[in-house]
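Here's the letter readout for the chains.
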Amino acid sequence: MAYEAKNFDSLLGTPGFGDQMLKNHFTLYQGYATNTNKLADALAAMAKEGKTGTPEYAELKRRFGWEFNGMRLHELYFGNMKKGGATLDGNSPLAKKISQEFGSVEDWEKDFRAVGAMRGIGWVVLYYDKAAGRLFNTWINEHDAGHLASATPVLVMDVFEHAYMLDYGLKRADYVSAFFSAVDWAAVMKRF
Ligand SMILES: [Fe+2]
């Protein structure tokens, strides 16, 4: 079954996120869904035609995770935002776990923001490693490098330049602050 881009128009009007910037971002996201389908179809066709030994097959295969994660990370990112945001319940299991792992929610946020200030394009993901019961603020380079196998992405923030440049120029930290105001902690707590 083909992937279909989800509609995130309910985010239009989110304070700190211009509609034009969001609309551009939705269009980019739709491109990842389209390309994930294209790659899946092309790879299946090549396999059927016996072309699995070709460089073309190998390069498309390498690219698949980039397109797929580009699609899914955007869904997680838009999915953990809400117009006006929603607060983190200090008594929730997630808040308690964050405090246990990072000392306090404030210390965790400081670290998450610091990862978001790293040079380069990519994502910041708060991952929950269920196997060990640990949380990690993780840098994902581009869309595909750095994921933690079998860990659950709990909070996802886009720090590709298209996520903020139109409204913020080079002031990435101001965008990160706007993002924190828009985080839908109810959605984040549910993932955890
Ligand atoms: Fe993006």
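It should be emphasised that the depicted structure is a prediction, and the values quoted were computed from it without experimental measurement.

Participant: Can you tell me about the coordination of the iron ion, naming the residues and giving the values?
Facilitator: Listed as protein donors to the iron ion are H25 (NE2), H74 (NE2), D158 (OD) and H162 (NE2); their distances from the metal cover 1.9 to 2.1 Å. Coordination at the iron ion is tetrahedral, judged from the 4 donor atoms that bind it and the angles of 87 to 134° they form at the metal. The sequence pattern formed by the donor residues of the iron ion is H-x48-H-x83-D-x3-H. Of this pair, H25 sits in helix α1 (residues 19-48) while H74 sits in helix α2 (residues 55-79); the two residues are 49 residues apart in sequence, bridging distant segments of the chain. Each member of the pair H25 and H74 is classed as buried.

Participant: Would you mind going over the packing of aromatic side chains in detail, with residue names and values included?
Facilitator: What the rule picks out here adds up to 20 aromatic pairs. Both rings, one in Y77 and one in W123, keep their centres 6.0 Å apart while their planes meet at 80°; by these two values the pair is edge-to-face. Taken as a pair, Y77 in helix α2 and W123 in strand β1 (residues 122-129) lie far apart in primary sequence, 46 residues in all. Overall, the relative accessible area of 0% leaves W123 in the buried class. Measuring from ring centre to ring centre gives 5.8 Å for Y77 and F179, while their planes differ by 15°; the resulting arrangement is stacked. Linking Y77 in helix α2 with F179 in helix α6 (residues 172-182), this pair joins segments that are 102 residues apart in sequence. A network of ring pairs unites the aromatic residues F8, F26, Y29, Y77, F78, W108, F112, W123, F160, F179, F180 and W185 as a single cluster.

Analysis parameters
- Residues numbered from 1 in each chain as written.
- Predicted model: local features only at pLDDT ≥ 70, side-chain atom pairs only at ≥ 80, totals over all residues.
- Heavy atoms only, no water.
- Donors = N, O, S within 2.8 Å, 3.2 Å for Na, K, Ca; no water.
- Tetrahedral: all angles 85-135°; square planar, octahedral: opposite > 155°, others 65-115°.
- Helix = DSSP H or I, 4+ residues; strand = E, 2+ residues; numbered from the N terminus.
- Buried < 20%, exposed > 50% of the residue type's maximum accessible area, 1.4 Å probe, protein only.
- Phe/Tyr/Trp six-rings, centres within 6.5 Å; stacked < 30°, edge-to-face > 60°.

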